[in-house]
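Architecture at a glance
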Amino acid sequence: MKLERKYPQKRAFVTGAASGFGLAICMRLASRGWKLLIADINETRLTQAEAQLRGCGAEVVSVVLDVTRPEALEQAADTVRRLWGGIDLVFNNAGIASAGAIDDLSLEEWEKVIDVDLWSVIYGCRAFVPMLKAQRGGCIVNTASSAGTLAGPEMASYNVAKAGVVSLSETLRSELSGFGIHVTVVCPTVFVTSLGDSLKSGRAMERRLVAQLNKSRVTAEHIADDVLAAVENGRLYVMTQSDAKWGWRIKRWMPETYSTLIAYLYRNRKWLYADQA
Ligand code: NAI
């Protein structure tokens, strides 16, 4: 069913809305007449995003918040209730990247990525589910990553966080279905955004990941179009790129073969993100 027929009140909340995929989804929704509550930790970029969205004629309210604080998401839900009396789409999208070997990543790095990439999604779901249940409808879109389904080497902290988001979304898909609430989980491989800015340690794996991010021909707009189609069609998984789709299928069909293959590629420096030098 067409998105706006499903959700005629057209109300959306988006975290990580100041950049990349979050901004792209807001631009798409703005052009279709949606009202937006946009949230991000980066005030400067958020102000620019708000101006850009207003320029498209959208009704936008922005809030600077840190998604690692549960009370910030609770307050966002209160704001939505006060402004619009309900919500149609909730995008738990804000995130950072992380890369490095298990004995190289510090515990602080682990804690940070689990906080920003996993706990934030849990907080977002907990804050908005009571409202969605009360109105008996709406959709939660959680941004994971194919990192959460494919488990590539030297990305343990990010993989663990994103696998948690996939599992949470799969669980809620069934748990909330009786309330008319739909759940979608976004699992892309790399696409061009500012995500690489969050990689600051200078380790080799980070540099290789940033190089892959920058040379990707897939844009945030491609992902946004796929996500809106998935929400429209009630699909759980969004896997835009063919490596995301095929890697996941092969892993599910032949898990031992898949992990043996990845280990072989990595050991022999044939893995996409391996040091080729
Ligand atoms: P981006 O860096 O362009 O956008 C992420 C936004 O999240 C930024 O505006 C940033 O300020 C915000 N943010 C970061 N920490 C925050 C916090 N504590 N509180 C509030 N906002 C915070 O990157 P992108 O790529 O658009 O990232 C969006 C999501 O997509 C992330 O969850 C990322 O992990 C995921 N993803 C991205 C991929 C890529 O190749 N770009 C691939 C797979 C998943």
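Our structure is the block above this text.
In this report, we go over the structure that sits alongside the text. (Residues numbered from 1 in each chain as written. Predicted model: local features only at pLDDT ≥ 70, side-chain atom pairs only at ≥ 80, totals over all residues. Heavy atoms only, no water.)

With that out of the way, let us pick up the pairing of strand 1 (residues 11–15). Within strand 1, 5 of the 5 residues are buried, which leaves the element mostly enclosed by the surrounding structure. Burial along strand 1 is two-sided: Arg 11, Phe 13 and Thr 15 and Ala 12 and Val 14, pointing in opposite directions, are all buried. Relative to strand 2 (residues 35–40), strand 1 runs parallel, the two being bridged by 5 bridges. Bridging across to strand 2, Phe 13 finds its partner in Leu 37. Pairing of strand 1 with strand 4 (residues 89–92) involves 3 bridges; the strand directions are parallel. Among the inter-strand pairings, Ala 12 is bridged to a residue of strand 4, identified as Leu 89. (Buried < 20%, exposed > 50% of the residue type's maximum accessible area, 1.4 Å probe, protein only. Helix = DSSP H or I, 4+ residues; strand = E, 2+ residues; numbered from the N terminus. Pairing = 2+ DSSP bridges.)

Further remarks concern the sheet that holds strand 2. As summarised here, the arrangement of the 7 strands in space is 3-2-1-4-5-6-7, forming an open sheet in which the pairing is parallel. A strand with exactly one partner marks an edge of an open sheet, and here the two such strands are strand 3 (59–64) and strand 7 (237–238). Across 6 bridges, the pairing between strand 2 and strand 3 is parallel. In the strand pairing of strand 3, Lys 35 is matched with Glu 59.

With that out of the way, let us pick up empty space enclosed by the protein. Throughout the structure, instances matching the rule amount to 1 cavity of 30 Å³ or more. Looking at the largest cavity, its volume works out to about 40 Å³. Thr 15, Val 67, Leu 73, Asn 92, Asn 93, Ala 94, Ser 120 and Val 121 together form the lining of the largest cavity. (1 Å grid on protein atoms, 1.4 Å probe; cavity = no way out; pocket = protein on both sides within 12 Å on 5 of 7 lines; lining within 4 Å. Points joined across faces, edges and corners; volume = space filled by probe spheres on them.)

Moving on, we get to the site of the ligand. Taken together, 28 residues form the shell around the ligand, and within it Ser 19, Phe 21, Asp 40, Tyr 158 and Thr 193 come nearest. At 3.3 Å, a backbone N or O of Ile 41 approaches a nitrogen atom of the ligand. Notes on the ligand: free accessible area 830 Å², of which the protein chains cover 94%. Of all the secondary-structure elements, those providing two or more residues to the shell around the ligand are helix 2 (20–31) and helix 7 (156–175). Here the shell around the ligand is built from residues that sort into 14 nonpolar, 11 polar and 3 charged. (Near = heavy atom within 4 Å. Polar contact = N/O pair within 3.5 Å; in protein donor to acceptor, adjacent residues only side chain to side chain. Areas by Shrake-Rupley, 256 points an atom, 1.4 Å probe, with all protein chains shown as cover. Nonpolar A, V, L, I, M, F, W, Y, C, P; charged D, E, K, R; others polar.)

Turning next to the nonpolar core. Ranked by size, the top nonpolar core spans 58 residues in total, and within it Phe 13, Ile 87 and Phe 128 carry the most contacts. Once residues lying within four places of it in the same chain are set aside, the contact partners of Phe 128 are Phe 13, Leu 73, Ala 76, Ala 77, Val 80, Ile 87 and Val 90. Ala 24, Leu 46, Val 186 and Phe 191 belong to the second-largest nonpolar core, a separate cluster that totals 36 residues. (Core = buried A, V, L, I, M, F, W, Y, C linked by side-chain atoms within 4.5 Å. Contact = heavy atoms within 4.5 Å.)

At their nearest, the axes of helix 5 (residues 107–135) and helix 7 sit 8 Å apart, and the two run at 10° to each other. The pairing of helix 5 with helix 7 is recorded here as roughly parallel in orientation. As helix 5 runs across helix 7, the sense of the crossing is right-handed. Mapping the contact onto sequence places Trp 110, Val 113, Ile 114, Asp 117, Leu 118, Val 121, Ile 122 and Cys 125 in helix 5 and Ala 156, Ser 157, Tyr 158, Val 160, Ala 161, Lys 162, Gly 164, Val 165, Leu 168 and Leu 172 in helix 7. (Axes fitted to C-alpha atoms, helices over the stretch in contact; angles between N-to-C directions. Parallel < 35°, antiparallel > 145°, perpendicular 65-115°, else oblique. Left-handed = near helix turned anticlockwise from the far one by under 90°.)

Moving on: helix 2. For helix 2, built from 12 residues, the straight-helix expectation of 16 Å at 1.5 Å per residue is met to within 8% by its first-to-last C-alpha distance of 17 Å. Looking only at helix 2, the buried set comprises Phe 21, Gly 22, Leu 23, Ala 24, Ile 25, Cys 26, Leu 29 and Ala 30. (Expected span 1.5 Å × (residues − 1).)

Burial within strand 5 (residues 138–143) is extensive, with 6 of its 6 residues counted as buried. The two faces of strand 5 match: Gly 138, Ile 140 and Asn 142 on one face and Cys 139, Val 141 and Thr 143 on the other face are all buried. Of the pairings in the sheet, the one linking strand 4 to strand 5 comprises 4 bridges and is parallel in character. Along strand 5, the bridge assignment pairs Phe 91 with Val 141. Read as a crossover between parallel neighbours, the route from strand 4 over helix 5 to strand 5 is right-handed. Where strand 5 meets strand 6 (residues 181–186), 6 bridges bridge the pair, whose relative direction is parallel. In the sheet register, Thr 143 faces strand 6, and the bridge partner there is Val 186. (Right-handed = clockwise from strand over helix to strand, strands pointing away.)

The next point concerns the side chain of Asn 92. Note that Asn 92 resides in strand 4. If near-sequence neighbours (up to four positions away) are discounted, Asn 92 is found in contact with Thr 15, Val 121, Gly 124, Cys 125, Ile 140, Val 141, Asn 142 and Thr 143.

With that out of the way, let us pick up the pattern of salt bridges. In total, this model carries 13 salt bridges according to the counting rule given. Each of Lys 2, Glu 4, Arg 32 and Glu 232 takes part in one network of salt bridges that share partners. (Salt bridge = Lys/Arg side-chain N within 4 Å of Asp/Glu carboxyl O.)

Most of the time, phi is negative for any residue but glycine, and the peptide bond is trans. Positive phi, close to 55°, is recorded for Arg 136, a residue that is not glycine. As for its placement among the helices and strands, Arg 136 is situated in the loop between helix 5 and strand 5.

So yeah, pure geometry; function would need other evidence.
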